[in-house]
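One letter stands for each residue in the lines below.
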Amino acid sequence: MKTPPPYPLPYGRQHITDADVAAVVETLRSDFLTQGPRVTEFEEKFAAYVGARHAVAVSNGTAALHLCALALGVQPGQRVITTPITFAASANCVRYCGGEVHFADIDPATGLLDLQQVRKLLEAHPKGYFTGLIPVDFAGLAVDMEAARALADEFGLWIIEDACHAPGGFFVDSQGQQRYCGSGQLAELAIFSFHPVKHIATGEGGMITTNDAQLARHLRRLRTHGIERDATGLLRQDEGGWYMEMQELGYNYRISDILCALGSSQLARADEGLARRRALAAAYDAAFASLPGVGILAPGQPGHAYHLYVVLVENRRELYEFLRTKNILAQVHYVPVHRMPYYEKLGWRAGDFPHAEAYYARCLSLPLYPTLTDEEQAYVIDCVREFLAPDAA
Ligand SMILES: *Cc1c(COP(=O)(O)O)cnc(C)c1O
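Residues numbered from 1 in each chain as written. Predicted model: local features only at pLDDT ≥ 70, side-chain atom pairs only at ≥ 80, totals over all residues. Heavy atoms only, no water.

Concerning the overall build of the protein
Here comes step 1: Along the backbone of the protein there are 13 helices and 16 strands.
Here comes step 2: Against the globule reference of 21 Å for 393 residues, the protein gives a C-alpha radius of gyration of 22 Å, in line with a compact fold.
Here comes step 3: Overall, the protein is about 85 × 55 × 45 Å in size when its C-alpha atoms are taken along their principal axes.
Here comes step 4: A buried classification covers 55% of the 393 residues belonging to the protein. (Helix = DSSP H or I, 4+ residues; strand = E, 2+ residues; numbered from the N terminus. Rg over C-alpha atoms; globule rule 2.2 N^0.38 Å. Buried < 20%, exposed > 50% of the residue type's maximum accessible area, 1.4 Å probe, protein only.)

Notes on the site of the ligand
Here comes step 1: In the vicinity of the ligand lie 15 residues, with Thr62, Asp162, His165, Ser193 and Lys198 positioned nearest.
Here comes step 2: Between Thr62 and the ligand, the recorded distance is 2.6 Å, taken from a side-chain N or O atom to an oxygen atom.
Here comes step 3: One of the side-chain N or O atoms of Asp162 is found 2.7 Å from a nitrogen atom in the ligand.
Here comes step 4: In isolation the ligand exposes 380 Å². Once the protein is present, 92% of that is buried.
Here comes step 5: With three residues, helix 3 (residues 61-71) is the largest single contributor of residues to the shell around the ligand.
Here comes step 6: Considering only residue class, the shell around the ligand consists of five nonpolar, eight polar and two charged. (Near = heavy atom within 4 Å. Polar contact = N/O pair within 3.5 Å; in protein donor to acceptor, adjacent residues only side chain to side chain. Areas by Shrake-Rupley, 256 points an atom, 1.4 Å probe, with all protein chains shown as cover. Nonpolar A, V, L, I, M, F, W, Y, C, P; charged D, E, K, R; others polar.)

Digging into the sheet that holds strand 5 (residues 132-134)
Here comes step 1: Read across the sheet, seven strands follow the order 2-10-9-6-5-3-4 without closing on themselves; strand pairing throughout is mixed. Two strands bound the open sheet, and with one partner strand each, they are strand 2 (54-58) and strand 4 (100-103). Each neighbouring strand pair of the sheet contributes to a mean axis angle of 20 degrees, computed without reference to strand direction.
Here comes step 2: Pairing of strand 6 (residues 158-162) with strand 9 (residues 189-193) involves three bridges; the strand directions are parallel. Paired with Asp162 across the strands is Ile191, a residue of strand 9.
Here comes step 3: Taken strand by strand, helix 4 (residues 89-96) contacts strand 3 (79-82), strand 4, strand 5 and strand 6, and its axis lies near 150 degrees from that of strand 4. (Pairing = 2+ DSSP bridges. Axes fitted to C-alpha atoms, helices over the stretch in contact; angles between N-to-C directions. Contact = heavy atoms within 4.5 Å.)

Re the sheet that holds strand 13 (residues 295-296)
Here comes step 1: Here three strands make up an open sheet; going across it, the order is 13-14-16 and the pairing antiparallel. Across the chains shown, the open sheet's two edge strands, defined by having one partner strand only, are strand 13 and strand 16 (363-366).
Here comes step 2: As judged from the four bridges shared by strand 14 (residues 309-312) and strand 16, these two strands associate in the antiparallel manner. Within strand 16, the position partnered with Val311 by the bridge is Leu364.

Here we look at the UniProt feature "active site" (unreviewed entry) in the protein
Here comes step 1: Mapped onto this structure's residue numbering, the UniProt feature "active site" (unreviewed entry) falls at Lys198.
Here comes step 2: Relative to the helices and strands, Lys198 resides in the loop between strand 9 and strand 10 (206-210).
Here comes step 3: Since its relative accessible area comes to 14%, Lys198 is described here as buried.
Here comes step 4: If sequence neighbours within four positions are ignored, Lys198 has contacts with Cys164, Ser193, Arg277 and His307. (UniProt positions renumbered as here; feature names shortened; annotations may be inferred.)

Structural notes on helix 3
In an α-helix, one full turn covers 3.6 residues, which means residues spaced three or four apart are oriented alike.
Here comes step 1: Among the eleven residues of helix 3, nine are classified as buried, and the element is accordingly described as predominantly covered.
Here comes step 2: Among all positions in helix 3, only Gly61, Ala63, Ala64, Leu65, His66, Leu67, Cys68, Ala69 and Ala71 are buried.
Here comes step 3: In this structure, the buried side of helix 3 is in contact with strand 2, helix 4, strand 6, strand 9, strand 10 and helix 7 (213-223).
Here comes step 4: The opening residue of helix 3 is Asn60, an N-cap whose side-chain oxygen sits 3.0 Å from the backbone nitrogen of Thr62.
Here comes step 5: Positive phi shows up at Gly73, right after helix 3, with a value of about 80 degrees.

A short note on the packing of aromatic side chains
Centre distance and the angle of the planes are the two values used to describe a pair of aromatic rings.
Here comes step 1: Considering all chains together, one arrives at 20 aromatic pairs under this definition.
Here comes step 2: For the pair Phe103 and Trp348, a centre-to-centre distance of 5.2 Å together with 80 degrees between the ring planes defines the contact as edge-to-face. In this pair, Phe103 is assigned in strand 4 and Trp348 in the loop between helix 11 (341-345) and helix 12 (354-362), connecting sequence segments 245 residues apart.
Here comes step 3: Given the relative accessible area of 3%, Phe103 is considered buried.
Here comes step 4: Residue Trp348 is classed as buried on the basis of its relative accessible area, which comes to 17%.
Here comes step 5: Each ring, one from Phe288 and one from Tyr309, has its centre 6.4 Å from the other, and the planes form 40 degrees; the classification is tilted. With Phe288 in helix 9 (residues 270-288) and Tyr309 in strand 14, this pair connects stretches of sequence that are 21 residues apart. Tyr309 shares its class with Phe288; the two are buried.
Here comes step 6: Linked through ring pairs, Phe103, Tyr342, Tyr343, Trp348 and Phe353 together constitute an aromatic cluster.
Here comes step 7: Taking NZ or CZ as reference, Arg79 lies 3.6 Å from the ring centre of Tyr129, over its face. (Phe/Tyr/Trp six-rings, centres within 6.5 Å; stacked < 30°, edge-to-face > 60°. Lys NZ or Arg CZ within 6 Å of the ring centre and 35° of its normal.)

Remarks on the environment of Ala148
Here comes step 1: Relative to the helices and strands, Ala148 resides in helix 6 (residues 145-155).
Here comes step 2: With 33 residues separating them in the primary sequence, Ala148 and Leu115 have C-alpha atoms 6.9 Å apart.

Focus: the nonpolar core
Here comes step 1: Ranked by size, the top nonpolar core spans 126 residues in total, and within it Phe138, Ile208, Phe288, Leu323 and Leu366 carry the most contacts.
Here comes step 2: Counting only domains with at least three residues in this core, you end up with domain 1 (18-267) and domain 2 (270-388). (Core = buried A, V, L, I, M, F, W, Y, C linked by side-chain atoms within 4.5 Å. Domains from an automatic or database assignment.)

Details of the pattern of salt bridges
Here comes step 1: Scanning the entire structure with this criterion turns up 20 salt bridges.
Here comes step 2: The salt bridge involving Arg38 is made with Glu41; its shortest N-O contact spans 3.4 Å. Placement of both Arg38 and Glu41 in helix 2 (residues 37-50) is noted, with a separation of three residues, approximately one turn of the helix.
Here comes step 3: Relative accessible area serves as the criterion here: at 26%, Glu41 is assigned to the partly exposed category.
Here comes step 4: Glu43 is paired through a salt bridge with Arg223; the nearest N and O atoms lie 2.8 Å apart. Separated by 180 residues along the polypeptide, Glu43 in helix 2 and Arg223 in helix 7 bring together distant segments of the chain. (Salt bridge = Lys/Arg side-chain N within 4 Å of Asp/Glu carboxyl O.)

Quick look at the structure:
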């Protein structure tokens, strides 16, 4: 057994190169720090990367979710379904607009929202009771959006795909086609985050993708105070070139050119990072396949984008603490959203979603990021092995 590295191994981290730094510096010296050409460039490149027609860059993933809920008209009294195993923001966006969050349980084999459970929930109420669905490509595994779309159409729901974990991820549809997360073909809207632990890092940042030009235009207006410029003079013929008007209550959810320059630079290496994540995940899969006492969440899925590498163990607390003593900062994703005190005050209880709670009791995310070296990963594997099979190590 090797000694712990003198630096901690986190569960995820950014990868910043000299080219990234140069792109930022160049923008700092340019005319536009915000609302300039780098924003549009990043939007166009990102849209092309996921195969969507439109992309709208915003200040973070949570702002992206909020704008999506606003653009789809979420209001008090409306009910939206999401998964309990996600970051709280996936649910909170509905609350920002006064809507009600409902949950359906996860599929224990994948960690994703179980569409059969969603169907049961939908069938238990009259049509029109629910208005939307927010599935999450949890850990980087793409939701079967073909099935989600069919279900949503049957019950008249819109879909916001929370694809924060899965830029570059895909599922294989019933025709054998690879369908990319956030491609705009199946969900009305999809959102991404550029927090440093995600695939593409801008520090803070987010993106919305869609194939719907109307929605894209509305999102751009909401992103900047609800203001429309009147460059074409069509809004008010009697006004001058300065004219702009606030047509609805919007926000300042813009992202700067500085960050978008970083985003475009990062995006150019996205496939490289994704390939490295998949290679590391395959090495973990191989190491743990024959190790008793450790389960692997959704191993060997084609199209998995591997934001997280999740193992399932009975004595998760002990493994978490043990790894800390080894300078390995494994993490838990996530405390189920319905168990948050805020959501418990809204009526949700322990026992409501047994699969999500059983998953939460056992899950642990191991270090996974493109700059994790083979040696560092071997050290992590050795430590997990030492914990689970101390006699063999
Ligand atoms: C990171 C994340 C968000 C929020 O993104 P921020 O950029 O941190 O606001 C939302 N949903 C999921 C699933 C995430 O992982």
